[in-house]
Structures are given as C-alpha cells and as structure tokens.
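What the coordinates show
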Amino acid sequence: MKINGNDVTLDAEPRTLLVNFIRENAGLTGTHWGCDTSNCGTCVVLIDGKPVKSCTQLAAMAGGHEVTTVEGLATADGLDSVQEGFIQCHGLQCGFCTPGMMLTARALLNKNPDPTEEVIREAISGQICRCTGYATIVRSIQWAASKDRETAVSLEGANA
C-alpha cells in the first residue's frame with residue numbers, strides 16, 4: 001500500500017486491523033483508536049480519498065490502495081487548509097478526535113468545496129467529540145473551505 005504517498009511493504013498478521021498496522025507497523029501515531037466499537041471515528045483515515053474508520057478494516061484490505069493519515073495532510077509547502085482552520089478557529093481542545101475530524105473534513109472539501117453548515121455537520125456525524133460541542137469544528141471546516149476557494153481564485157487569476 002501507499003501511506004501518505006510512500007510505498008509501504010511491511011509484514012503483518014492477517015488479522016491485523018489497519019489502525020494497528022498504521023500505528024504499530026508503520027509507526028504513524030497520529031491515527032488514534034478510541035472505542036473498540038467503531039462508533040467514535042477517531043481512527044478515520046482516507047483510503048483512495050474516502051474516509052474510512054481504520055478500526056473496521058484489515059490492513060491487508062488496504063493493499064494496493066492509497067492511505068492518507070493526518071501526518072499526510074501537510075506538504076512541503078505547509079499545513080493543509082483544514083489544519084490551519086483548526087488552529088485559527090480553535091477546532092480542537094483535547095485533540096483526540098482531531099486527526100479523524102481533519103481527514104473527514106479534507107475528504108468533504110475535496111468533494112464539495114462550498115458545503116453548508118448542515119452538510120458539514122452531516123459529514124462529521126460519524127465522529128464523536130466530547131470537548132468542543134462541534135461549533136468550533138464546523139467553523140474550522142468553513143474557514144478551510146473559504147481559504148481553499150480563495151486559493152483557487154488566486155490560481156485561476158495567475159493562470160489567466
């Protein structure tokens with residue numbers, strides 16, 4: 001599989017969950033595991049751009065696919081706009097749900113660059129945050145969407 005753009009070939013038992021493979025075998029601890037029941041969503045990663053609870057999938061099932069963890073959001077150019085939004089709008093408190101929330105937000109914005117508050121709330125509805133009450137998370141995602149749109153307009157102007 002590829003994780004954050006890097007080819008990864010590591011041995012794992014057939015029963016190894018993707019969340020464990022990412023954390024223990026690949027050494028990327030940004031993906032959290034919170035509930036053992038797939039209800040909390042802290043373990044969300046992107047597989048081929050789609051949010052997946054990594055505690056519900058075997059690592060072997062990700063073979064041949066692109067897996068993105070929170071560590072893969074930032075690039076050499078800097079933080080992803082979603083990461084910036086969570087900083088600017090205080091979208092985190094304890095930070096435990098944050099990696100999964102950020103990845104879900106990135107997938108949403110890739111699909112819908114101008115989501116309404118209701119669409120954002122629906123997108124993150126499979127994840128539990130016990131600290132923020134979701135208002136700052138929603139504002140963080142709205143901030144990122146706005147920044148992405150501004151960047152797209154700037155790029156269009158530069159290419160005109």
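Look up: the structure comes first, before these words.
Reference entry: report on the structure contained in this document.

Reading guide: rules and limits
- Residues numbered from 1 in each chain as written.
- Predicted model: local features only at pLDDT ≥ 70, side-chain atom pairs only at ≥ 80, totals over all residues.
- Heavy atoms only, no water.
- Helix = DSSP H or I, 4+ residues; strand = E, 2+ residues; numbered from the N terminus.
- Rg over C-alpha atoms; globule rule 2.2 N^0.38 Å.
- Buried < 20%, exposed > 50% of the residue type's maximum accessible area, 1.4 Å probe, protein only.
- Contact = heavy atoms within 4.5 Å.
- Areas by Shrake-Rupley, 256 points an atom, 1.4 Å probe, with all protein chains shown as cover.
- Lys, Arg positive; Asp, Glu negative; His and termini not counted.
- Charge placed at Lys NZ, Arg CZ, Asp CG, Glu CD.
- Core = buried A, V, L, I, M, F, W, Y, C linked by side-chain atoms within 4.5 Å.
- Pairing = 2+ DSSP bridges.
- Polar contact = N/O pair within 3.5 Å; in protein donor to acceptor, adjacent residues only side chain to side chain.
- Salt bridge = Lys/Arg side-chain N within 4 Å of Asp/Glu carboxyl O.
- Disulfide = S-S within 2.5 Å.

1. Some details on the overall build of the protein chain
Counting secondary structure elements, the protein chain contains five helices and five strands. The C-alpha atoms of the protein chain give a radius of gyration of 16 Å, which matches the 15 Å a tight globule of 160 residues would have. For the C-alpha atoms alone, the extent of the protein chain along its principal axes is close to 50 × 40 × 20 Å. For the protein chain, with 160 residues in total, the buried portion stands at 42%. For the protein chain, contacts bridging at least 24 residues in sequence account for 59% of all contacts bridging at least 6. A total of about 8500 Å² of accessible surface is found on the protein chain, and carbon and sulfur atoms cover 51% of it. Distance between charge centres in the protein chain, computed from 12 positive and 18 negative side chains, equals 5 Å.

2. Side note on the nonpolar core
Core analysis: the biggest nonpolar cluster contains 22 residues, and Val82, Phe86, Met101, Ile137 and Ile141 have the highest contact counts within it. Those elements that provide at least two residues to this core are strand 3 (44-47), helix 2 (81-88), helix 3 (98-111) and helix 5 (135-159). Per-element accounting of this core gives the leading share, seven residues, to helix 3. Leaving out residues up to four positions away in the same chain, Met101 has contacts with Phe86, Ile124, Gln127, Ile128, Cys129, Tyr134 and Ile137. One finds Met1, Leu28, Val52 and Ala59 within the second-largest nonpolar core, a separate group that totals 13 residues.

3. Some thoughts on the sheet that holds strand 3
Picture the strands of a sheet paired through backbone hydrogen bonds; they go either parallel or antiparallel. The mixed open sheet is built from five strands, whose spatial order is 2-1-5-3-4. Looking at the sheet topology across the chains shown, the edges are occupied by strand 2 (6-7) and strand 4 (50-53). Bridging between strand 3 and strand 4 involves four bridges; their strand directions are antiparallel. When the bridges of strand 4 are listed, Val44 appears paired with Lys53.

4. Examining helix 2
Where helix 2 is concerned, the buried positions are Ser81, Val82, Gln83, Gly85 and Phe86. Two or three places before Val82, at the start of helix 2, stands the capping residue Asp80, its side-chain oxygen 2.8 Å from that residue's backbone nitrogen. Residue His90 follows helix 2 closely and has a positive phi angle near 55 degrees.

5. Here we look at the pattern of salt bridges
Going through the model one piece at a time under the given rule, you end up with seven salt bridges. The partner of Glu117 in a salt bridge is Arg121, with the nearest N and O atoms 2.9 Å apart. With Glu117 and Arg121 both in helix 4 (residues 117-123), this residue pair falls four residues apart, about one helical turn. Owing to a relative accessible area of 34%, Arg121 belongs among the partly exposed residues under this scheme. Three or more residues joined by partner-sharing salt bridges are found here, namely Asp80, Arg106 and Asp148.

6. Details of the state of the cysteines
Disulfide: a covalent bond formed between the sulfur atoms of two cysteine residues. Inspection of every chain in the model, using the stated rule, returns zero disulfides. Here Cys97 is not disulfide-linked; the sulfur of Cys129 is the nearest cysteine sulfur, at 3.8 Å. Looking at Cys97, the relative accessible area reads 9%, which means it is buried. For Cys129, a relative accessible area of 10% translates into the label buried.

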